[in-house]
Amino acid sequence: MSAKPIWLGGPVDGVPALLQPVAHALIEARDDVQALIPTLSMDELWARPGDAASAGFHALHSLGSLDRLFTYARGESLTETQLATLASEKTMDRAADGDQIVAAYSAGVDRAVERLRRTPEATLLEPREVGRGKLPSNVLGILVHAGDHTYRHVGQMITTAKIARAVLRPA
């Protein structure tokens, strides 16, 4: 939805070279959320056309996942608050309005980009465990997945919003 793709705008200040693609994906996701969500009514934001997940779900789930993945990248376990957020994602419906989602999303991406800035390149191949199953990965793998996962959900958010809008605002 951005006029010029973020990744063509040069490096993000202070982010290590190997993490630039992650920063670009997160910033582009944030920009797309900021552009789309305010244009949606509450009905469009939380519509589930064809029983698909709503645009609101995709925005909030990607934000929660981003926080959880960065926790794993730091080598930490999830907090009780993060676990509660994960559990609530399964049942969210009209959990927030557009302004709340945009504010939370913007702040979450800003925090993630700042964490990228503080991630030394020398740590990128350090082993990390993911999830309750303690599946093996490394810092770089988790951070790359965080960027990919975030943007995949934003893409789904955009598509779902277009379908919801077509259904709820017939021509």
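Check the entry above for the structure.
In short, a report on the structure. These numbers were taken from a predicted model, which means no experiment stands behind them.

1. What about unusual backbone geometry?
Only a minority of non-glycine residues have a phi that is not negative, and only a minority of peptide bonds are not trans.
Then step 1. One non-glycine residue with positive phi stands out, namely D51, at about 65°.
Then step 2. With respect to the helices and strands, D51 occurs in the loop between α2 (42-46) and α3 (55-73).
Then step 3. At K134, a residue that is not glycine, the phi angle is positive and equals roughly 50°.
Then step 4. Take K134: it is sitting in the loop between β1 (127-130) and β2 (135-138).
Then step 5. By relative accessible area, which is 46% here, K134 ends up partly exposed.

2. Topic: the nonpolar core
Then step 1. With 44 residues, the main nonpolar core has L26, I37, F70, I101, L116, L143 and M157 as its most contacted residues.
Then step 2. Looking at this core, the elements with two or more residues in it are α1 (20-36), α2, α3, α5 (98-117) and α6 (139-168).
Then step 3. Tallying contributions element by element places α3 first for this core, with 10 residues.
Then step 4. Ignoring anything within four residues of it in the chain, the contact list for I101 reads I37, L45, W46, G56, A59, L60 and A96.

3. Concerning the pattern of salt bridges
Then step 1. Using the criterion set out here, one finds 10 salt bridges in the structure.
Then step 2. Ionic pairing is found between R115 and D67, a salt bridge with its closest N-O pair at 3.9 Å. Residue R115 is located in helix α5, and its partner D67 is located in helix α3; the two are separated by 48 residues in the primary sequence.
Then step 3. Of the residues examined, R115 reaches a relative accessible area of 18% and is grouped as buried.
Then step 4. Using a relative accessible area of 28% as the deciding quantity, one classes D67 as partly exposed.
Then step 5. By sharing partners, the salt bridges in this structure join R30, D31 and D110 into a single network.

4. With respect to the pairing of β2
Then step 1. As paired elements, β1 and β2 share 4 bridges and run antiparallel to each other. Within β2, the residue paired with P127 across the bridge is N138.
Then step 2. What sits between the antiparallel neighbours β1 and β2 is a turn of 4 residues, in which G131 has the positive phi angle 75°.

5. Focus: the packing of α1 against α6
Then step 1. Where α1 contacts α6, the two axes come as close as 9 Å, and the packing angle between them is 25°. What the angle tells us is that α1 and α6 run roughly parallel. Relative to α6, the crossing made by α1 is left-handed. For the pair α1 and α6, the contacting residues are V22, A25, L26, E28, A29, D32, V33 and L36 in the first and L143, V144, A146, G147, T150, Y151, V154, M157, I158 and A161 in the second.
Then step 2. Of the residues contributing to the contact of α1 with α6, the split by class is 14 nonpolar, 2 polar and 2 charged.

Criteria and thresholds
Residues numbered from 1 in each chain as written. Predicted model: local features only at pLDDT ≥ 70, side-chain atom pairs only at ≥ 80, totals over all residues. Heavy atoms only, no water. Helix = DSSP H or I, 4+ residues; strand = E, 2+ residues; numbered from the N terminus. Buried < 20%, exposed > 50% of the residue type's maximum accessible area, 1.4 Å probe, protein only. Core = buried A, V, L, I, M, F, W, Y, C linked by side-chain atoms within 4.5 Å. Contact = heavy atoms within 4.5 Å. Salt bridge = Lys/Arg side-chain N within 4 Å of Asp/Glu carboxyl O. Pairing = 2+ DSSP bridges. Axes fitted to C-alpha atoms, helices over the stretch in contact; angles between N-to-C directions. Parallel < 35°, antiparallel > 145°, perpendicular 65-115°, else oblique. Left-handed = near helix turned anticlockwise from the far one by under 90°. Nonpolar A, V, L, I, M, F, W, Y, C, P; charged D, E, K, R; others polar.

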